[in-house]
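Commentary on secondary and tertiary structure
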Amino acid sequence: MLTELKAAAEEVGFSIIIATSDRNINDQLNRIVRTEELPLALASWDLDVNVTFNENGLMNNPTTTVTLLLIDKAESLEKIELEEKAEEMGDLFIKFIKNAKDYMTSNTNVRENPITGISFTYVPKYGAGAHSGVLAKFTMQLPTPS
């Protein structure tokens, strides 16, 4: 699932970095933006996966809820610049989620509604580095192993 998300993100122009759950997200963000190219997204590694079976006893595609922080740096710390960069990241997130849906249906055994419950919040000023972007959540189906 992370492989598919990373591929879909690369196709629209950003990288997804997997954050560790045992460290402060702001510390990780500060370290990552020093070495990685913006825009970028952080996703948490500790994903809860739900497995269910249908009425015939066959396994449905497992699902998980992903939280993703997609950020870039505004030209200045002026309110309008921060808001514009956050809106730009919102547009990029929408492109990414469309691409991720297409990628999942084309390259995995997930065929119907691979991504649901999509929402995001604009965050014009996030963390000590004053990054701008969106904090998104969505539920996606994982491919079932063969």
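Reading the values: rules and limits
Residues numbered from 1 in each chain as written. Predicted model: local features only at pLDDT ≥ 70, side-chain atom pairs only at ≥ 80, totals over all residues. Heavy atoms only, no water. Helix = DSSP H or I, 4+ residues; strand = E, 2+ residues; numbered from the N terminus. Buried < 20%, exposed > 50% of the residue type's maximum accessible area, 1.4 Å probe, protein only. Core = buried A, V, L, I, M, F, W, Y, C linked by side-chain atoms within 4.5 Å. Contact = heavy atoms within 4.5 Å. Pairing = 2+ DSSP bridges. Salt bridge = Lys/Arg side-chain N within 4 Å of Asp/Glu carboxyl O.

**Considerations on unusual backbone geometry**
With an omega of -5°, the peptide bond running from Leu-38 to Pro-39 counts as cis. Following the sequence through the fold, Pro-39 ends up in the loop between α2 (25–35) and β2 (40–44). Backbone geometry at Asn-113 places phi at a positive 45°, although glycine is not the residue there. When you line up the elements, Asn-113 lands in the loop between α3 (79–107) and β5 (115–126). Note on Asn-113: relative accessible area 52%, which makes it exposed. One non-glycine residue, Ala-130, lies in positive phi territory at about 50°. Here Ala-130 shows up in the loop between β5 and β6 (131–141).

**Some words on the nonpolar core**
Taken as a class, soluble globular proteins show a tendency for nonpolar side chains to be buried jointly. Residues Leu-5, Ile-16, Phe-93, Phe-96 and Phe-138 are the most contacted members of the largest nonpolar core, which totals 26 residues. Secondary structure elements with two or more residues in this core: α1 (2–12), β2, β4 (63–72), α3 and β6. Ranked by residue count, the leading element in this core is α3, at seven residues. Discounting chain neighbours no more than four positions away, the residues touching Ile-16 are Leu-5, Lys-6, Ala-9, Ala-41, Ala-43, Leu-68 and Phe-96. One finds Leu-29, Val-33, Leu-69 and Val-123 within the second-largest nonpolar core, a separate group that totals nine residues.

**Let's talk about the pairing of β6**
With eight of its eleven residues buried, β6 lies for the most part within the structure. Pairing between β4 and β6: ten bridges, direction antiparallel. Bridging across to β6, Leu-69 finds its partner in Leu-135. With eight bridges connecting them, β5 and β6 associate as antiparallel partners. Looking across to β6, one finds that Val-123 is bridged to Gly-133. Taking the residues that link successive antiparallel strands as the turn, the β5-β6 hairpin has four residues, and the phi of Gly-127 there is positive, at about 75°.

**Section: the pattern of salt bridges**
Going through the model one piece at a time under the given rule, you end up with four salt bridges. Between Lys-85 and Glu-88 there is a salt bridge whose closest N-O contact spans 3.3 Å. Note that Lys-85 and Glu-88 are positioned in helix α3 at a spacing of three residues, about one turn of the helix. The buried category is assigned to Lys-85, whose relative accessible area is 14%. For Glu-88, a relative accessible area of 41% gives the class partly exposed. Two residues, Lys-101 and Asp-102, come together in a salt bridge whose shortest N-O distance is 3.7 Å. What makes Asp-102 partly exposed here is its relative accessible area of 41%. Among the charged side chains, a network of salt bridges with common partners joins Asp-72, Lys-85 and Glu-88.

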